[in-house]
Amino acid sequence: FLKNIKLDFDRILNILFRTFFLSTTIFSIIALYLLRLYRHPKFSSKDADFFRNAITDIPVIGDHSIYISLFLGIAIIMGVFIYRQKDTPPFLKVILVIGKLILTTILLLLMSKSVIVALIFSLLVVLIIQRKISKNVIIGGVIMVALGILLLPKQNNRFIELFNKESYNKVDIRNSTSIRFHVLKNSIELA
């Protein structure tokens, strides 16, 4: 029934991207405020587990940290596309940069390894495809990200699980890398 209606898919996509980016940024601002107020006897130190639990416990809008991280990553990518549009006014570019910083802050507090790695990979692919970045910048960026991950304080660095030999030797229910590795290993053995 829509065959006679002319739809401007670029405009619809633009509205979707802007709405998603704005709503995710507003969620992140609310979350940052509520994270300051959150208290839990089990999570006394403000590490990744504290923030992951806090984001889950936000009334009405809280959800599992993986889902929130996915929304944040997608919003960051959408923000890049909005920023790169030719008709984006300068004041909106400033708002986009501030919004991306807020989204990135929440993403780093949650320390969802797979989402962070996927986001970095996705942004690199977009920049390479658009030929907006040189190989030297990519190599330098990868080195900076790797150093940043390795130099994070241990209490908030979930990436350390990737380099811990114990993650691969036995199942540890408190270690997501261990769980995923052993599920994959057992699935391959059963196949």
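Everything discussed here concerns the structure shown above.
Parameters at a glance
Residue positions are given per chain, counted from 1 along the sequence in the order it is written. The model is predicted, so local features are restricted to residues of pLDDT at least 70 and side-chain atom pairs to those at 80 or more, both for listing and for counting; the totals for chains, interfaces and linings are taken over all residues. Side-chain numbers here rest on the full set of heavy atoms in the structure, without hydrogens or water. To count toward a patch, a residue needs a relative accessible area over 30% and no salt bridge; like charges are then connected within 9 Å, while nonpolar side chains (Val, Leu, Ile, Met, Phe, Trp, Tyr) are connected within 5 Å. Computed with the Shrake-Rupley method and a 1.4 Å probe, the accessible areas treat only the protein chains shown as cover for residues. When a carboxyl oxygen of Asp or Glu is within 4 Å of a side-chain nitrogen of Lys or Arg, the pair counts as a salt bridge. Numbering of helices and strands starts at the N terminus; helices are DSSP runs of H or I of at least 4 residues and strands are runs of E of at least 2. Partly exposed describes any residue whose relative accessible area lies between the buried limit of under 20% and the exposed limit of over 50%, with all areas from a 1.4 Å probe on protein chains only and scaled to the type maximum. Within this scheme, the nonpolar core is defined by two criteria: the residues are buried Ala, Val, Leu, Ile, Met, Phe, Trp, Tyr or Cys, and they are joined through side-chain atoms within 4.5 Å. By definition in these notes, contact holds between two residues if any of their heavy atoms fall within 4.5 Å. Here the expected span of a helix is defined as 1.5 Å times the quantity of residues minus one. Simply put, an axis is a line fit to the C-alpha atoms, just over the touching stretch for a helix, and the angle between two N-to-C directions goes from 0 to 180 degrees. Orientation labels follow simple angle bins: below 35 degrees gives roughly parallel, above 145 gives roughly antiparallel, 65 to 115 gives roughly perpendicular, and whatever is left gives oblique. In this scheme the crossing of two helices becomes right-handed for a clockwise turn of the near helix relative to the far one and left-handed for an anticlockwise turn of less than a right angle. Note on residue classes: Ala, Val, Leu, Ile, Met, Phe, Trp, Tyr, Cys and Pro are nonpolar, Asp, Glu, Lys and Arg are charged, and everything else, Gly too, is polar.

## Details of a nonpolar patch on the surface
Consideration 1: Taken together, the side chains of Leu22, Ile26, Ile30, Val60 and Ile61 present a nonpolar region at the surface, about 480 Å² in accessible area.
Consideration 2: Relative to the helices and strands, leucine 22 is located in helix α1 (residues 9–37).
Consideration 3: For leucine 22, a relative accessible area of 52% puts it in the exposed group.

## Quick notes on the nonpolar core
Consideration 1: Among the nonpolar cores identified, the biggest contains 26 residues, and Ile55, Leu72, Leu107 and Leu110 are the most heavily contacted of them.
Consideration 2: Once residues lying within four places of it in the same chain are set aside, the contact partners of leucine 72 are Thr24, Ser28, Leu103, Ile106, Leu107 and Leu110.

## A short note on helix α3 (residues 65–84)
Consideration 1: The terminal C-alpha atoms of α3, which comprises 20 residues, lie 29 Å apart, in line with the 28 Å expected from a rise of 1.5 Å per residue.
Consideration 2: Listed as buried for α3 are Ser65, Ile68, Ser69, Leu72, Gly73, Ala75, Ile76, Met78, Gly79, Val80 and Ile82.

## Observations concerning the packing of α3 against helix α5 (residues 113–129)
Consideration 1: Running from N to C, α3 and α5 point in directions that differ by 15 degrees, and their axes come no closer than 10 Å. Judged by the angle between their axes, α3 and α5 are roughly parallel. Seen from above, α3 lies across α5 with right-handed handedness. Of the residues in α5, those touching α3 at Ile66, Ser69, Leu70, Gly73, Ile76, Ile77, Val80 and Phe81 are Val115, Leu119, Ser122, Leu123 and Val126.
Consideration 2: Within the contact of α3 with α5, the residues separate by chemical class into 10 nonpolar, 3 polar and no charged.

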